[in-house]
Amino acid sequence: MSKTMKNIDSFTHVRGESIFVDDLITRQDTLIGLVFDSPKAHGKIKEVNYSKAEKVKGVVKIFTYKDILGVNQIGEILPDEPLWAENEVHYWGQPIAFIVAESEAIAKKARLLIEIEIEELPVITTAIKAKEKKSFISAPIYFKLGDTAATFSNCDHVTEGETFSNGQEHLYLETQGCYAVPQENGSIKITSSTQGPAQVQKAAARVLGVAMHKIEVDVIRLGGGFGGKEDQATAWAVMAAVAVQYLNKPIKYILNRYDDLRMTGKRHPYSSFFKIGLNKDLKIMAFEAEFLQNSGAAADLSPAIAERTLFHATNSYFIPNVSTVVYSCKTNLPPNTAFRGFGGPQGMFVIESAIAKMAEEMGIDKRKIQEANLLAENDEFSYGQIATKVEAQSTWFSAKEKFEFGKLEKEIFSFNRKNAHFKKGISLMPITFGISFTNTMMNHARALVHIYQDGSVGVSTGAVEMGQGVNTKMLQVAQITLGISANKVKLETTNTTRVANTSPSAASVTADLNGKAVDMACVALIERLRKVAAKMASVDESTIFFKEDYVFVNGEKSEFTWETIVAQAMVERIVLSENAHYATPIVHFDKIKGKGHPFAYHVYGTAITAVTLDCVRGTYEIDFVKIVHDFGKSMNIGIDIGQVEGALVQGIGWMTTEEIAYSSDGRLLSNALSTYKVPDIFSAPKTVEIIPAAVEGNKMAIRKSKAVGEPPLMYGIGAYFAIQQAVKAFNKNYKLKFDSPFTPGKVLTGLYEKN
Ligand code: MTE
Ligand code: HPA
Ligand code: MOS
């Protein structure tokens with residue numbers, strides 16, 4: 001483990017000096033935008049009357065689809081999402097118009113005066129209902145390995161069941177927002193809080209009917225994205241750009257929290273059905289699952305998320321016969337979207353539920369079945385990829401050994417014997433997560449590195465900093481490869497004019513893709529500087545190495561500083577800038593066959609979770625989570641541990657207290673933090689211990705430091721099963737249920753359920 005470099009944003013963050021979109025100094029003539037959204041979940045727009053709103057003093061213009069010069073379309077995967085509704089609305093909160101006014105207060109006042117008449121149509125809020133009505137976003141996706149039907153008849157134990165996992169609100173601290181400013185000759189610069197600057201640029205150009213080079217998108221940093229700004233930061237930026245195009249004035253739009261909660265999509269709720277078959281040695285021989293994804297009213301990223309559910313449907317287990325299908329079900333909710341794990345968590349919850357149900361029926365510990373089926377070297381995933389450098393068993397057994405699982409379990413049994421009204425439960429949760437965009441064509445990135453003539457360095461990439469520390473990692477890569485100290489390197493904002501056509505910062509691959517590009521650019525620069533240094537020192541090029549801001553010759557520090565070499569390179573007219581492109585090798589996937597090698601590598605780990613249940617109240621505390629996690633060779637263990645902790649708590653929240661609720665007519669009920677419970681310091685685990693797995697690292701990862709952003713979220717699933725076990729310890733008649741989140745209300749019902 002190398003010594004940790006502090007996150008380069010920490011200094012300005014703690015002083016409140018870091019700049020987010022809302023902190024930008026705005027031009028004096030800046031106007032404020034505000035969306036008018038649908039007050040019904042489904043219907044035909046009969047009439048909208050803007051006249052009263054338009055008369056409010058300070059209202060400049062109210063934009064609708066009629067003001068669009070290009071096309072009214074922002075759908076990225078499928079063209080099914082208008083920027084502003086035309087004749088129909090499909091969810092409560094769907095943008096219909098955009099009020100531009102001199103102040104937010106004026107815009108809000110005007111919004112209340114817009115009169116709308118909607119002829120209501122039937123509302124679908126659940127995936128099950130949508131499937132009944134054959135309401136789908138896209139065609140179902142199937143993955144198949146072996147022959148499940150033939151295998152079930154030979155299994156010793158077979159069981160079936162159903163599960164539900166609810167959505168999840170991203171709750172990034174910084175709400176969605178943008179600032180769009182007119183430039184010369186019809187160009188527009190948009191500062192956006194987006195994970196995907198190129199996607200914003202492309203959508204804005206399409207809607208405005210202009211070339212992409214007219215739109216410059218700049219991202220300073222995000223106050224959290226968690227997937228919620230991969231696709232859904234686009235609409236607001238495009239709306240502001242439409243207004244700039246018409247008014248030739250700067251437009252700022254920062255959503256307030258209520259509007260953000262109501263209008264944006266969340267993690268997809270899933271209703272799923274499974275069938276699992278084991279032989280007498282506890283080997284899982286066959287697994288079938290049907291996943292109904294509640295996609296909301298438009299595709300957004302739903303089909304890609306659905307596909308990732310299938311990629312992770314067998315989690316860390318080898319199952320020789322698998323048949324899975326996922327339906328993206330169209331409902332009248334805001335389009336659901338990317339959220340840390342990207343459909344993977346929903347898939348893993350189902351296989352863990354299936355194993356738990358089987359264990360309950362067989363009267364054995366769930367972990368016996370888990371342990372008997374952990375992936376091994378050269379096992380085949382249901383999508384055809386062969387597992388290599390597998391750490392499923394090693395992290396599992398090392399967690400059990402390092403944390404003395406046997407002892408922990410005994411303590412829990414003895415606690416439960418002694419206590420009537422408090423019960424404890426414990427679980428083991430292995431994870432396996434594939435790293436790469438599942439859409440192969442997205443696995444590329446670029447970096448532009450300038451060495452300025454004083455020896456300082458500026459690095460631009462396509463990576464968006466959203467708190468995950470990617471800029472710090474980019475700086476480390478540049479600094480190490482160039483052999484110079486950290487204070488010589490600056491990370492520039494993410495800007496489409498410096499680095500073009502990027503994939504969004506997502507899929508946990510941002511550091512890998514952009515880091516490899518930074519490394520390549522720096523290697524090319526060093527090659528040139530080595531020639532200069534060799535000439536200056538009158539030695540052979542092969543003896544030169546750059547380290548600690550000096551030229552080293554044959555491993556010995558020379559008199560030549562980095563600055564001297566850079567200055568000499570200027571004299572010799574050698575180019576001190578480099579633009580490098582990296583595209584992940586090997587990965588490929590045939591979507592028709594559902595087979596290929598979609599992932600550069602997998603990340604593994606195992607968590608042990610223990611909880612204490614108050615059996616009078618139904619409340620619970622997470623006593624501890626102990627994790628062995630596969631970081632590869634972490635290049636910044638401080639940042640990476642922070643990622644594991646954050647993801648874990650987010651996963652626990654999803655599984656325990658965060659309960660999204662819509663009324664049957666499609667209105668968001670959990671519309672504030674008083675009705676939506678995210679983990680606070682009391683519901684976070686009392687202790688979290690994280691041990692890096694002893695692994696050799698993976699060459700496909702940047703400096704062998706594996707991707708870390710999403711995988712640990714799924715450790716949170718362990719909390720669900722630990723609580724189940726505690727409920728069962730109190731009430732022997734309790735039948736396991738797979739209906740997440742396991743809120744204290746549901747726990748209480750379970751504690752006193754009679755059979
Ligand atoms: N960590 C912080 N602090 N803020 C975030 O928004 N997003 C997560 C994860 N960790 C996020 C985060 C998600 S959804 C992803 S895909 C990755 O970071 C993206 O960054 P990476 O590719 O650099 O890991
Ligand atoms: N993960 C995250 N975001 C994505 C992906 C993925 O696999 N594919 C497209 N967007
Ligand atoms: Mo993360 S859900 O891939 O932005």
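Provided above is the structure to which this section pertains.
Just so you know, these numbers come straight off a predicted model, no measurement behind them.

## Some thoughts on the packing of aromatic side chains
One pass over the full model with this rule turns up 22 aromatic pairs. Geometrically, the ring pair formed by Tyr270 and Phe291 is edge-to-face, given 6.3 Å between the ring centres and 75 degrees between the ring planes. With a gap of 21 residues between them, Tyr270 in strand β13 (residues 270-278) and Phe291 in strand β14 (residues 284-296) connect regions that are remote in the sequence. Judged by its relative accessible area of 1%, Tyr270 is buried. The buried category is assigned to Phe291, whose relative accessible area is 0%. Among the aromatic residues, those joined into a ring-pair cluster are Phe143, Phe311, Phe381, Tyr383, Phe589 and Phe599. The ring of Phe63 carries the charged tip of Lys61 above its face, separated from the ring centre by 5.2 Å. Of note, Arg221 hangs over the ring of Phe20, and the distance from its end group to the ring centre comes to 5.7 Å.

## Quick word on the pairing of strand β15 (residues 321-330)
For β15, the tally of buried residues reaches nine of 10 residues, placing the bulk of the element in the interior. Relative to β15, strand β7 (residues 141-145) runs antiparallel, the two sharing five bridges. Residue pairing for β15: Tyr142 is matched across the bridge by Val325. Judged from the 10 bridges that link them, β14 and β15 form a sheet pairing that is parallel. Looking at the pairing, Asn294 lines up with Cys329 of β15. In this region the chain leaves β14, passes through helix α9 (residues 302-311) and returns to the parallel neighbour β15; the handedness of that crossover is right-handed.

## Quick look at the site of ligand 1
In the vicinity of ligand 1, 16 residues are found, and the nearest of them are Gly225, Phe226, Met466, Thr510 and Gln643. Contacts to ligand 1 include Gln468, whose side-chain N or O atom sits 3.1 Å from an oxygen atom. One of the backbone N or O atoms of Ser508 is found 3.5 Å from an oxygen atom in ligand 1. Residue composition of the shell around ligand 1, by class: five nonpolar, nine polar and two charged.

## With respect to the environment of Val611
Its place among the elements puts Val611 in strand β27 (residues 601-614). For the pair Val611 and Phe721, spaced 110 residues apart in sequence, the C-alpha separation works out to 9.7 Å. Beyond its immediate stretch of four places on either side in the chain, Val611 contacts Lys423, Lys424, Gly425, Glu621, Ile622, Asp623, Ala722, Ile723 and Ala726.

## Quick word on the sheet that holds strand β4 (residues 88-89)
Strands sit in the order β4-β2-β6 across an open sheet of three strands; the sheet is antiparallel. Across the chains shown, the open sheet's two edge strands, defined by having one partner strand only, are β4 and β6 (115-120). As paired strands, strand β2 (residues 43-49) and β4 are joined by two bridges and run antiparallel to one another. Paired with Gly43 across the strands is Val89, a residue of β4.

## Concerning the packing of helix α14 (residues 470-482) against helix α15 (residues 510-537)
As a packed pair, α14 and α15 sit with axes 9 Å apart at the nearest point and diverge in direction by 25 degrees. In this view, α14 runs roughly parallel relative to α15, as classed from their interaxial angle. Like other packed secondary-structure pairs, α14 and α15 cross with a definite hand, here right-handed. Two secondary-structure elements touch here, α14 through Val470, Lys473, Met474, Val477, Ala478, Thr481 and Leu482 and α15 through Thr510, Ala511, Asn514, Gly515, Val518, Asp519, Cys522, Val523, Leu525 and Ile526. Residues belonging to the contact of α14 with α15 are distributed by class as follows: 11 nonpolar, four polar and two charged.

## Examining the nonpolar core
Grouped together as the largest cluster of nonpolar side chains are 97 residues, with contacts concentrated most on Val457, Leu529, Phe546, Trp562, Leu613 and Ile717. A per-element tally of this core places α15 first, with 12 residues. Core analysis: the second largest hydrophobic core is formed by 56 residues, Val350, Phe381, Val390 and Ile426 among them.

Cut-offs applied
- Residues numbered from 1 in each chain as written.
- Chains lettered and ligands numbered in written order.
- Predicted model: local features only at pLDDT ≥ 70, side-chain atom pairs only at ≥ 80, totals over all residues.
- Heavy atoms only, no water.
- Phe/Tyr/Trp six-rings, centres within 6.5 Å; stacked < 30°, edge-to-face > 60°.
- Helix = DSSP H or I, 4+ residues; strand = E, 2+ residues; numbered from the N terminus.
- Buried < 20%, exposed > 50% of the residue type's maximum accessible area, 1.4 Å probe, protein only.
- Lys NZ or Arg CZ within 6 Å of the ring centre and 35° of its normal.
- Pairing = 2+ DSSP bridges.
- Right-handed = clockwise from strand over helix to strand, strands pointing away.
- Near = heavy atom within 4 Å.
- Polar contact = N/O pair within 3.5 Å; in protein donor to acceptor, adjacent residues only side chain to side chain.
- Nonpolar A, V, L, I, M, F, W, Y, C, P; charged D, E, K, R; others polar.
- Contact = heavy atoms within 4.5 Å.
- Axes fitted to C-alpha atoms, helices over the stretch in contact; angles between N-to-C directions.
- Parallel < 35°, antiparallel > 145°, perpendicular 65-115°, else oblique.
- Left-handed = near helix turned anticlockwise from the far one by under 90°.
- Core = buried A, V, L, I, M, F, W, Y, C linked by side-chain atoms within 4.5 Å.

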